[in-house]
Amino acid sequence: MAVFNKEAHESRKAELMEKCFECYAENGLSGVGIRTLGEYCGTNPANLYTYFKDVDDLIIQSTEYCMTKVEDDFMEVAPKSLSDVERFIDEVPYWTAETHGKKYRLMYQVYTHPKYREHGKKFFEGVNRRYAEHANELSDKIGIPADILRAMIFTFIRASVHYSLFEDDLYLKEQLKLLKMCIKMYLEINGK
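Residues numbered from 1 in each chain as written. Predicted model: local features only at pLDDT ≥ 70, side-chain atom pairs only at ≥ 80, totals over all residues. Heavy atoms only, no water.

**Q** So what's going on with the packing of helix 1 (residues 6-27) against helix 4 (residues 85-112)? Which residues, and what values?
**A** Interaxial distance between helix 1 and helix 4 falls to 9 Å at its minimum, and their mutual angle equals 90°. Looking at the two axes, helix 1 sits roughly perpendicular to helix 4. Across the interface between the two elements, Phe 21, Tyr 24, Ala 25 and Glu 26 from helix 1 touch Lys 102, Lys 103, Leu 106 and Met 107 from helix 4. Here the residues of the contact of helix 1 with helix 4 are counted per class, giving five nonpolar, no polar and three charged. (Axes fitted to C-alpha atoms, helices over the stretch in contact; angles between N-to-C directions. Helix = DSSP H or I, 4+ residues; strand = E, 2+ residues; numbered from the N terminus. Parallel < 35°, antiparallel > 145°, perpendicular 65-115°, else oblique. Contact = heavy atoms within 4.5 Å. Nonpolar A, V, L, I, M, F, W, Y, C, P; charged D, E, K, R; others polar.)

**Q** So what about the pattern of salt bridges? Which residues, and what values?
**A** Between side chains of opposite charge, a pair can form as their charged atoms come close. Under the criterion given, the structure shown has 12 salt bridges. Between Arg 130 and Glu 71 there is a salt bridge, and its shortest N-O distance comes to 2.7 Å. With Arg 130 in helix 5 (residues 117-142) and Glu 71 in helix 3 (residues 55-76), this pair connects stretches of sequence that are 59 residues apart. On the accessibility criterion, Arg 130 (28% relative accessible area) is partly exposed. When its relative accessible area of 8% is taken as the criterion, Glu 71 is described as buried. (Salt bridge = Lys/Arg side-chain N within 4 Å of Asp/Glu carboxyl O. Buried < 20%, exposed > 50% of the residue type's maximum accessible area, 1.4 Å probe, protein only.)

**Q** Can you lay out the nonpolar core for me, pointing to particular residues and giving the numbers?
**A** Counting residues in hydrophobic clusters, the biggest one holds 54 residues, and the most contacted among them are Leu 37 and Phe 156. Every element with two or more residues in this core is listed here: helix 1, helix 2 (34-41), helix 3, helix 4, helix 5, helix 6 (146-166) and helix 7 (169-189). The dominant element in this core, judged by the number of residues it contributes, is helix 4, at 10 residues. Dropping the residues within four chain positions of it, Leu 37 is found in contact with Cys 20, Cys 23, Tyr 24, Val 32, Leu 48 and Leu 58. (Core = buried A, V, L, I, M, F, W, Y, C linked by side-chain atoms within 4.5 Å.)

Laid out in structure tokens, this is it:
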């Protein structure tokens, strides 16, 4: 009799969530059934039910898991000092669009669908909390109060995601210009 290995189970589940999310990101939600997901993952489709109670559960869990990983990627490249902020503002929206654009598009398909909207609200409550925590961490490093940074982070994220969704360069550049002006004005007012 095989012994259940929780660590191996969770590792395999994470791998399946990433592969299924990638499959949906490449092909869209409609028309991708359990058979296609199984083939994409290189497993018998029935094996997916070992990890998820149904396709909706797979979509909900894989979206949350993969988009949390996207957030982690974003935080890894976050500015470490005030002198690094301009580089971050100038480079990261294009990097995230190229690296994660399909994932953002799928996330919005999922979380705006009436069936999954409540899960989206819950997910974004967590996003708001994590970005607020990040603003607190960055505050000392770059010398801007956390409440002001939080607003800037939300503006930056919205501009970056919008660019990832629509490649709307004008919208992005205007938002980034506003952020740079706000930072400059804050620093000038506070003699920094």
